[in-house]
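Descriptive analysis of the structure
Each chain, letter by letter, is given below.
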Amino acid sequence: MKRFTLSKQERLSSRKEIEILFLEGQSLTKYPVRLVWREAICPTPGEAPLRMMFSVSKKKFPKAVDRNRAKRLMKEGYRLLKPEIISTIAGQKYFHLGLIYTGSELLDFVTIQKSISIALERWMQKLQQETR
RNA sequence: AUCUGUGAUGGAUCUAUCGCUCUCAAUUCAUUGAGGGAGGAAAGUCCGGACAGCGUAGAGUACCGCACCAUCUAACAGAUGGGCUUUGCUUUCAGCAGGGACAGACAGUGUCACAGAAACUAUACCGUCUCGCCGAAGGGUGGGAUAAGGGUGAAAACGUGCGGUAAGAGCGCACGCAUGGUCAGGGUAACCGGUCAUGGGAUAAACCUUGCGGGCUGAAAUGCCAUGUACACUCCAAUCUCGUCAGGCAUUCGUGCAUGAUAAGCCCGGCUGCUCGCCGGCGUGUACCAACAGUUGGAGGGGGUAGGCAGAUAGAGCUAUAGUAGCAAUGCUAUGGCCCAGAUAAAUGAUAGGUGUUCCUGAUUCAUUAGGAAUGACAGAAUCCGGCUUAUACAUCACAGAUGCAC
RNA sequence: GGUCCCGUAGUACAACGGAUAGUAUGAAGGUUUCCGGAACCUUAGAUUGGGGUUCGAUCCCCCACGGGACUA
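The following refers to the structure shown. Please read these numbers as outputs of a predicted model, since none were measured by experiment. (Residues numbered from 1 in each chain as written. Chains lettered and ligands numbered in written order. Predicted model: local features only at pLDDT ≥ 70, side-chain atom pairs only at ≥ 80, totals over all residues. Heavy atoms only, no water.)

**Things to note about the pairing of strand 2 (residues 33-39)**
Looking along a regular strand, one sees the side chains alternate between the two faces of the sheet. Defined as follows: Relative accessibility thresholds used throughout: buried, under 20% of the residue-type maximum; exposed, over 50%; partly exposed, between the two (1.4 Å probe, protein chains only). Only DSSP runs of H or I with at least four residues qualify as helices, and only runs of E with at least two residues qualify as strands; both kinds are numbered from the N terminus onward. Strands pair, by our definition, only if DSSP identifies at least two bridges between them.
Counting buried positions along strand 2 yields five of seven residues, so the element is predominantly enclosed. In this sheet, strand 2 lies alongside strand 1 (residues 26-30) in antiparallel orientation, the contact comprising five bridges. The residue bridging Gln 26 from the neighbouring strand is Trp 37, located in strand 2. Relative to strand 4 (residues 95-101), strand 2 is paired through seven bridges, and the arrangement is antiparallel. What sits directly across from Arg 34, in strand 4, is Ile 100.

**Things to note about helix 2 (residues 64-89)**
Threshold: An expected span of 1.5 Å times one less than the residue number is assigned to each helix. Bending is quantified residue by residue as the angle between axes fitted to the seven-residue window ending at that residue and the seven-residue window starting at it. In this description, contact between two residues means that some pair of their heavy atoms is separated by no more than 4.5 Å.
For helix 2, which comprises 26 residues, the first-to-last C-alpha distance of 35 Å matches the rise-based estimate of 38 Å (1.5 Å per residue) to within 8%. The largest bend along helix 2 reaches roughly 45° and is located at Leu 81, with the proline Pro 83 sitting one to four residues downstream. Within the span of helix 2, buried status applies to Arg 67, Ala 70, Leu 73, Met 74, Gly 77, Tyr 78, Leu 81, Lys 82, Pro 83, Ile 85 and Ile 89. Buried residues along helix 2 sit against strand 2, strand 3 (50-56), strand 4 and helix 3 (109-131).

**Describing the packing of aromatic side chains**
The line we're drawing: Pairing of aromatic rings covers Phe, Tyr and Trp, the last through its six-membered ring, and needs centres within 6.5 Å; plane angles under 30 degrees mean stacked, over 60 mean edge-to-face, and all others mean tilted.
Inspection of every chain in the model, using the stated rule, returns three aromatic pairs. With a centroid separation of 6.0 Å and 70° between ring planes, the pair formed by Phe 54 and Tyr 78 is classed as edge-to-face. Of this pair, Phe 54 sits in strand 3 while Tyr 78 sits in helix 2, and the two are 24 residues apart along the sequence. Side by side, Phe 54 and Tyr 78 carry an identical accessibility label, which is buried. Aromatic side chains Phe 95 and Trp 123 sit 5.3 Å apart centroid to centroid with 85° between the ring planes, which places their arrangement in the edge-to-face category. With Phe 95 in strand 4 and Trp 123 in helix 3, this residue pair connects regions lying 28 residues apart in the sequence. As far as burial versus exposure is concerned, Phe 95 and Trp 123 are alike and both buried. Each residue in the set Trp 37, Phe 95 and Trp 123 is aromatic and connected to the rest through ring pairs, giving one cluster.

**Overview of the protein's contact with RNA strand B**
The condition is simple: Any residue with a heavy atom positioned within 4 Å of a molecule or strand is treated as near that molecule or strand. Each polar contact in these results corresponds to two N or O atoms within 3.5 Å; when the atoms are within protein, one needs to be able to donate a hydrogen and the other to accept it, and residues that are neighboring in sequence are counted only if both atoms are side-chain atoms.
By nearness alone, 21 residues border RNA strand B, and Lys 8, Lys 63, Arg 69, Arg 72 and Arg 79 come closest of all. At the protein interface, 73% of the atoms of RNA strand B within 4 Å belong to sugar or phosphate. Here a phosphate oxygen of RNA strand B and a backbone polar atom of Ala 64 are 3.5 Å apart. Contact distances for RNA strand B include 2.9 Å between a phosphate oxygen and a side-chain N or O atom of Arg 72. Looking at the surface near RNA strand B element by element, the count peaks at nine residues for helix 2.

The quantities given are spatial measurements derived from coordinates; they are silent on function.
The structure is reproduced here in structure tokens:
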């Protein structure tokens, strides 16, 4: 049975790991989101296969309420799509992911979810090309 | 009745599924069950505290803040009540509704553009009065007195009236205003009232003076923790090389053993920026002492990256009832009840459906029903409280204004 | 989280509490030229918003808004 969880173990929370992610990671953009990823070379035992972080620019959303709203919508969209991604990478590799909201105005949940799913699909295609 | 403005109050709710976070319980250690989970401003950071670190030997000065009085309060630049003053209205010896950074301008200094004679030691422009000279006269000219009138200005040397005078002038008197003194007066006090004296332009949100208050820094403060890696330092063992202060004791003359010092001055740091004064320094310095150092292994051990725990959520706590002090703000007492967010790249969300509310359309029995739409504003805890300020869809209430209708 | 500073024409800067807020550049129009440039002439254009002190505020004080710097 698929589980749509997104607990603390599946989020990226260490300042160091985040810095490395943005320093060394690759990225692609599908409006209004931008996806950053990096393969974790030496994962600690018991770590989740995908670890995620979410970010919204303070410049584009000066009010804290709007930033919270955008993050929550992205989290919800990712949470519902996650099990498919895990089944396709099949537990062989470990990845750190970052989702950044680059749009300048708040959209509704359905469009955000769609663009996240497109971004993730493109990412999977890229990975398959690299492995070949 | 509608609209607008101001103020106050509230700022929908229930169920299901999938999630997030905290607490408790259970255990197969990864899950299950139960319960809690944003605001009136959580915001701005404008004030005041609690709490913590540093300091604690203080004094003076500087700097900053406050400024009618009393009360409330943990405290405040907040609140309540009072005084004085000011604006508007009603139409008067007052009432109602607002506003007031509301100590001091005889302690001193500065500034007061333009206009005006003059902006504070009155250089008298037009005038008024008087004396001398000239002239027949109107008048002219020179000296003196005069701040009542004119004009200027934001402001003109206390105001108005009467007396007085050559003309005038607080020169005198009455009333009023301001300031200062005073009273066995009223009031806790500001202040009010009486009385005496003086008459002094404005400006302290110009410098300043007086009184009162303030040690500095803020939770990213501060205290603590265990593991791994590398390292300053200390001890022990092994190994290798180099070297052996002074006097004393012992001596197998190879050597072994114990002992030996830190003054003044200067510099730096701290106590509030400065001064005095004080404290500290494994700084310098002269002086003194004398044996180590490297490598390897073991033990101890300090600082510190990232991380974790405490600080940090039971309190100036919330709430109900009764009594009680006070005009009120606000306390006090008694008896119950409650535990009410604690995240840390930072939790409170998504979807679906109902109830309620508002709006639109239709129907009629005129306050009900059917269908559709919306459920919105300002806005997200970050150590915690008390205020202030600012933002706020919609609903309700109060007040004010405008328009329309009826009487 | 804390501390501090600034806001003037489109832009960069001035202005002791006192004329109609000034200078440069840019903008618009004109003169000159066959056309353009340069030059010359002319014009428009601003004190972040609100309140207070003052006879009078860009300047002094308070509140708000916007922008920036420092600290860790």
